[in-house]
Amino acid sequence: MTTFADLGLSQKVLSAVTDAGYTTPTPIQAGAIPPALQRRDILGIAQTGTGKTASFVLPMLTLLEKGRARARMPRTLILEPTRELAAQVAENFEKYGRNHKLNIALLIGGVSFDEQDRKLERGADVLICTPGRLLDHCERGKLLMTGVEILVIDEADRMLDMGFIPDIERIAKLIPFTRQTLFFSATMPPEIQKLADRFLQNPERIEVSTRSSTATTVKQLLVATHGKDYEKRAVLRDIIRAQDDLKNAIIFCNRKKDVADLFRSLERHGFSVGALHGDMDQTSRTAMLAGFKNNQITLLVASDVAARGLDIPDVSHVFNFDVPIHAEDYVHRIGRTGRAGRAGAAFTLVTKKDQKFAEAIEKLIDKQIEWMNGDLSALPAPMESFEPAKTGRDGRREGGRTRGRDRDRTGRPSSSHKTDIISTDTVIPSEPVAIKAEPVRTERTARTEQPKAARDFRDDVSPSRNNRQSPYPANDDRRNRYRRDQDDGPTPVGFGDDIPAFMLVAGKY
Ligand code: AMP
């Protein structure tokens with residue numbers, strides 16, 4: 001069996017890998033590391049959870065041991081579609097680069113330019129960026145890309161979904177042709193293949209099995225519901241409350257506006273809940289994730305874009321408030337539960353409009369998903385009015401505000417995105433988690449008394465309403481890019497007065 005020592009990595013890197021507790025390379029690591037160390041281009045077809053991050057971080061660390069960074073001339077560049085993924089890669093560099101003295105600069109939106117400038121001034125060995133922010137730095141004349149020896153394009157199919165490809169092309173033109181390129185994508189639709197053909201020279205192609213099946217330990221159920229949001233929220237609450245074994249859960253919505261609405265609604269109903277979507281400022285996103293990982297919150301409402309690729313621990317339940325429009329997103333969402341043979345449960349709310357998407361999922365996973373309490377034809381007549389006002393389990397009034405929330409949903413346009421490998425599950429199991437199931441009560445604190453993180457959380461969810469947050473001047477190109485750095489759908493209007501209690505701990509984050 002291949003060991004890390006067989007791959008040609010430096011002693012410093014090997015010792016950090018041992019400290020991290022990893023003994024055996026995953027297939028993508030075993031396949032990509034040796035050719036990457038020989039300065040070959042790589043085409044890695046692998047999704048998150050396969051150990052793909054280490055498959056480029058480890059050889060990069062080894063290669064970076066020779067040479068030094070110069071001011072404003074980064075030596076390597078990693079492009080990530082979301083801020084969280086970029087931050088996660090930076091964490092990987094810290095973990096595996098503990099024996100190295102490298103300067104890592106993280107250039108992501110939602111963080112001040114000045115601080116990032118200072119890092120660039122010092123000379124960055126590794127630049128980890130979302131495309132929009134990188135181009136902004138370049139346009140400000142603060143960066144020279146001619147020293148970049150290694151370019152990593154990660155999650156290329158997600159970059160395509162998010163409209164980042166023109167930016168990637170512009171960035172690639174700024175980097176010398178002689179660079180080494182490491183290119184990763186979970187799927188290979190034709191657009192991505194074309195991009196790979198253009199960017200890569202004689203690449204080593206490593207393809208690891210992509211999940212197109214769901215773990216057999218996950219109980220999957222479809223739940224028929226009417227389409228109004230207040231009805232869907234009532235159905236969801238009932239299911240959550242009926243789960244005696246619920247330790248923690250992720251609730252997926254297709255659009256960030258619904259993430260914000262559902263978060264507020266669950267909060268009002270006394271649930272311990274957090275939210276994650278692309279319009280939240282970075283501090284809040286980090287705090288939310290930390291709160292969920294530390295079991296301070298039990299339910300996390302998230303959009304696919306915000307949750308994609310995040311190293312979130314195994315959860316006991318997944319709820320799809322909306323049926324995902326891309327069938328493979330279903331597999332990805334459900335993959336958050338039932339890892340390593342553990343039991344898990346996944347409930348998907350299905351309206352009449354969603355039926356075709358549910359059928360596409362069944363086709364992809366090659367399995368019929370059972371209905372809970374009968375299918376759509378068995379639905380009783382729709383609710384006629386607002387949620388009834390009743391007392392919640394924490395003694396607060398339930399229901400009420402449904403004003404303006406009932407609207408039709410239109411999803412993302414379907415793309416040519418497809419899963420082209422059908423094989424077994426190679427996702428690495430994460431550690432089990434112990435979760436406090438008690439709801440965390442929220443406090444209503446006067447705005448002036450709230451610590452900064454809490455104020456940011458509320459105020460900065462809506463950058464388009466609040467120009468203060470946008471770092472971009474009135475320039476169409478930049479503004480368009482800024483928009484692309486977000487999830488799909490319209491902008492949510494903040495989170496109201498409900499600030500999760502864990503975010504009110506001053507100075508914690
Ligand atoms: P990634 O696919 O890069 O998101 O990695 C998924 C998870 O696998 C992360 O929590 C890594 O720390 C972990 N991991 C990476 N490589 C290995 C390995 N060789 N053995 C066990 N776990 C690993």
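Residues numbered from 1 in each chain as written. Predicted model: local features only at pLDDT ≥ 70, side-chain atom pairs only at ≥ 80, totals over all residues. Heavy atoms only, no water.

Before going further, it helps to examine the overall build of the protein. Each helix and strand counted, the protein has 17 helices and 14 strands in total. The buried share of the protein, taken over its 509 residues, is 60%. Surface accessibility of the protein: about 21000 Å² in total, with carbon and sulfur atoms responsible for 50%. (Helix = DSSP H or I, 4+ residues; strand = E, 2+ residues; numbered from the N terminus. Buried < 20%, exposed > 50% of the residue type's maximum accessible area, 1.4 Å probe, protein only. Areas by Shrake-Rupley, 256 points an atom, 1.4 Å probe, with all protein chains shown as cover.)

Attention now moves to the packing of aromatic side chains. Overall, the coordinates contain 3 aromatic pairs when judged by the stated rule. Aromatic side chains Tyr-22 and Tyr-96 sit 6.4 Å apart centroid to centroid with 50° between the ring planes, which places their arrangement in the tilted category. With Tyr-22 in the loop between helix 1 (11-19) and helix 2 (27-37) and Tyr-96 in helix 4 (residues 83-96), this residue pair connects regions lying 74 residues apart in the sequence. On the accessibility criterion, Tyr-96 (4% relative accessible area) is buried. Aromatic pair Phe-56 and Phe-184: ring centres 5.3 Å apart, planes at 45°, arrangement tilted. With Phe-56 in helix 3 (residues 52-64) and Phe-184 in strand 6 (residues 180-185), the pair connects residues that are 128 residues apart, well separated along the chain. The buried category is assigned to Phe-56, whose relative accessible area is 0%. Look at Phe-184 and you get buried, because its relative accessible area is 1%. When the ring centre of Phe-113 is taken as reference, the NZ or CZ atom of Arg-133 above it lies at 3.8 Å. The ring of Phe-321 is capped by Lys-232, whose NZ or CZ atom sits 4.6 Å from the centre of that ring. (Phe/Tyr/Trp six-rings, centres within 6.5 Å; stacked < 30°, edge-to-face > 60°. Lys NZ or Arg CZ within 6 Å of the ring centre and 35° of its normal.)

Counting 36 residues, the largest nonpolar core has Leu-9, Phe-56, Leu-58, Ile-78 and Phe-93 as its most contacted members. Elements with a contribution of two residues or more to this core: helix 1, helix 2, helix 3, helix 4, strand 4 (126-129), strand 5 (150-153) and strand 6. With 8 residues, the single largest contributor to this core is helix 3. Setting aside residues up to four positions removed in sequence, Leu-9 forms contacts with Phe-4, Leu-14, Ile-33, Leu-37, Leu-58, Pro-59 and Thr-62. Counting residues in hydrophobic clusters, the runner-up holds 34 residues, among them Leu-135, Ala-156, Ile-171 and Ala-172. (Core = buried A, V, L, I, M, F, W, Y, C linked by side-chain atoms within 4.5 Å. Contact = heavy atoms within 4.5 Å.)

This brings us to the sheet that holds strand 11 (residues 299-303). Read across the open sheet, the 7 strands follow the order 10-11-9-12-13-8-14; overall the sheet is parallel. Each of the sheet's edge strands pairs with one partner strand only, and the pair in question is strand 10 (273-276) and strand 14 (370-372). Across the sheet, the mean angle from the axis of one strand to that of its neighbour is 25°, orientation sign disregarded. Here strand 9 (residues 249-253) pairs with strand 11 via 5 bridges, running parallel. (Pairing = 2+ DSSP bridges. Axes fitted to C-alpha atoms, helices over the stretch in contact; angles between N-to-C directions.)

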